[in-house]
Amino acid sequence: TGAIGLYNIGYSCCLNSLLQVFFMNIRFTRILRRIMVPLYAEQKKKNVPYQMLLLLEEMQCGKQKAVYPIDLAYCLSVYKVKLFVQHDAAQLFLTLWNLIKRQMKKPELVEELSDLYTICVQEHLACQKCSFEEKRNSNMVTLPLPLLDSSCRMLKTLKDCLQYFFHPEELTDHNMCFCDQCGRKTPFLQSMKLVHLPQTLTIHLKRFCFEKAAHIHKLSHYLPFPQDLDFNAVLTESQCQADDNEKAGWQYDLFAVIAHSGSISYGHYCAYIRSLTEYKWYCFNDSEVCQVSWDDVKSTYGHSNLHWGETAYLLIYMKKHPQ
């Protein structure tokens, strides 16, 4: 029946944009359609994956141009996701993902969901005075990329942001760490190495940053991002901790962009999504859905003189050759 919108039920543009990105991801909906349906009415009202499935089916079976996500919104409110307030898309995405994962009863679906979205990195800490080295693997659902370097200079491309995120940092002076082997605080080298990338990669462009007196400022400057992203061409050998088989799948196509317009205190979200069946770009702006061009998507690169203009906030990439 074509793309269906979601009515704004009061500051729900952030939720609507995230839901459209979930629903347009065929791999996610394949998991969602196999969930265990709760037995009782009260359980159904409080089950996030089930309410998402009901909403998806209403969108796909109905003939209206948009539907109301009221039942799902009230379901989320049970878990302290406030209604009628502005949300941060990166935070709300993590909240939604964790609720979905926690409430899926089938272990195999939980594993599939994790495989679909989870990034694995290895954190390294190395003492610069002796041979002591500490390594620890950690998982994340979004890759949070700073848009400024340590000197507060603006990073100019997505490649710059990725390279800076994985660039080693020297911990000296008041940032020194205690070394068990040396028995005192010493300079350390802290670094992050990429271990595993998922089928659906979510990149968080950290456009909201703290300034003096805890004031949050939005970075609207121009930051281009590619339609094709190959991590093998971005990161060096020393920034990776993966075998050749893993690296072979590190080629991505841009699937969606969640863009923010406005200021910190008053803003709006919409989603640009490329259909995985038609390979056409659409803009999902609450109840309004229309086909757009790549030039329209590129308008979310940002502009330092347009503080109220649309700027990309979340980038969602899809593996070209999923293993």
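Counting from 1, residues in each chain are numbered in the order their sequence is written. Restriction of local features to residues with pLDDT of at least 70 applies here, the model being predicted, together with a cutoff of 80 or more for giving and counting side-chain atom pairs; totals for whole chains, interfaces and linings are based on all residues. Neither water nor hydrogens contribute to the side-chain values; these are computed over all heavy atoms in the structure.

Going by an unreviewed UniProt entry, the protein carries the name UBP18 hydrolase and comes from Probosciger aterrimus.

Asker: Describe the packing of aromatic side chains, listing the residues and the values that go with them.
Answerer: Each Phe, Tyr or Trp ring (for Trp, its six-membered ring) is paired with any other whose centre lies within 6.5 Å, and the angle between the two planes then decides the class: stacked below 30 degrees, edge-to-face above 60, tilted in between. Tallied over the full model, the rule gives 14 aromatic pairs. For the pair Phe22 and Tyr117, a centre-to-centre distance of 6.0 Å together with 65 degrees between the ring planes defines the contact as edge-to-face. Within this pair, whereas Phe22 is found in helix α1 (residues 13–23), its partner Tyr117 is found in helix α7 (residues 107–117), the two being separated by 95 residues in sequence. A relative accessible area of 2% places Phe22 in the buried class. Summary of the burial criterion: residues with accessible area below 20% of their type's maximum are buried, those above 50% are exposed, and those between are partly exposed, where the area comes from a 1.4 Å probe applied to protein chains only. For Tyr117, a relative accessible area of 3% corresponds to the buried category. Here a set of aromatic residues connected by ring pairs shows up, and it is made of Tyr222, Phe225, Trp281, Trp294 and Tyr301. A helix here means a DSSP run of H or I that spans at least four residues, while a strand means a run of E at least two residues long, and both kinds are numbered starting from the N terminus.

Asker: Help me get a handle on the nonpolar core, residues and values and all.
Answerer: Within soluble globular proteins, side chains that are nonpolar generally end up buried alongside one another. Side-chain atoms within 4.5 Å are what join buried Ala, Val, Leu, Ile, Met, Phe, Trp, Tyr and Cys residues into a set we call a nonpolar core. Ranked by size, the top nonpolar core spans 54 residues in total, and within it Phe28, Met52 and Tyr117 carry the most contacts. Residues Leu145, Leu197, Trp250 and Ala312 belong to the second largest nonpolar core, which totals 43 residues.

Asker: Kindly report on the environment of Cys127, identifying the contributing residues and their values.
Answerer: Within the secondary structure, Cys127 sits in strand β3 (residues 119–127). Linking Cys127 and Cys177, residues 50 residues apart in sequence, is a C-alpha distance of 8.3 Å. Residues are treated as being in contact if the distance between any of their heavy atoms lies within 4.5 Å. Filtering out sequence-adjacent residues up to four positions away, Cys127 remains in contact with Phe132, Cys179, Cys182, Thr186, Pro187 and Phe188.

Asker: An account of α1 is needed here, citing residue identities and associated values.
Answerer: Along α1, 11 of the 11 residues are buried, which leaves the element largely enclosed by surrounding structure. All buried positions along α1 are accounted for by Cys13, Cys14, Leu15, Asn16, Ser17, Leu18, Leu19, Gln20, Val21, Phe22 and Phe23.

Asker: Describe the sheet that holds strand β9 (residues 188–196), listing the residues and the values that go with them.
Answerer: Criterion used throughout: strands pair if DSSP finds at least two bridges between them. Strand order in the open sheet formed by four strands is β4-β3-β9-β6, and the pairing between neighbours is antiparallel. Looking along the sheet, the strands with just one partner apiece sit at the ends: β4 (133–140) and β6 (169–171). Looking at each pair of strands side by side, their axes are set apart by 25 degrees on average, direction ignored. Two strands pair when backbone bridges link them, and β3 and β4 are joined in this way by eight bridges, in the antiparallel orientation. If you follow Cys120 over to β4, its bridge partner there is Asn139. Between N-to-C directions, angles cover 0 to 180 degrees, with each direction set by a line fitted to C-alpha atoms, over the stretch in contact for helices.

Asker: So what about helix α4 (residues 48–61)? Which residues, and what values?
Answerer: A helix is expected to span 1.5 Å multiplied by its residue count minus one. Here α4 contains 14 residues, and its C-alpha end-to-end distance of 20 Å stays within 8% of the 20 Å for a straight helix at 1.5 Å per residue. Within the span of α4, buried status applies to Val48, Pro49, Tyr50, Gln51, Met52, Leu53, Leu55, Leu56 and Met59. We call two N or O atoms a polar contact when they sit within 3.5 Å, provided that within protein one can donate a hydrogen and the other can accept it, with sequence-adjacent residues counted only if both atoms are side-chain atoms. Its side-chain oxygen placed 2.9 Å from the backbone nitrogen of Tyr50, Asn47 serves as the N-cap of α4.

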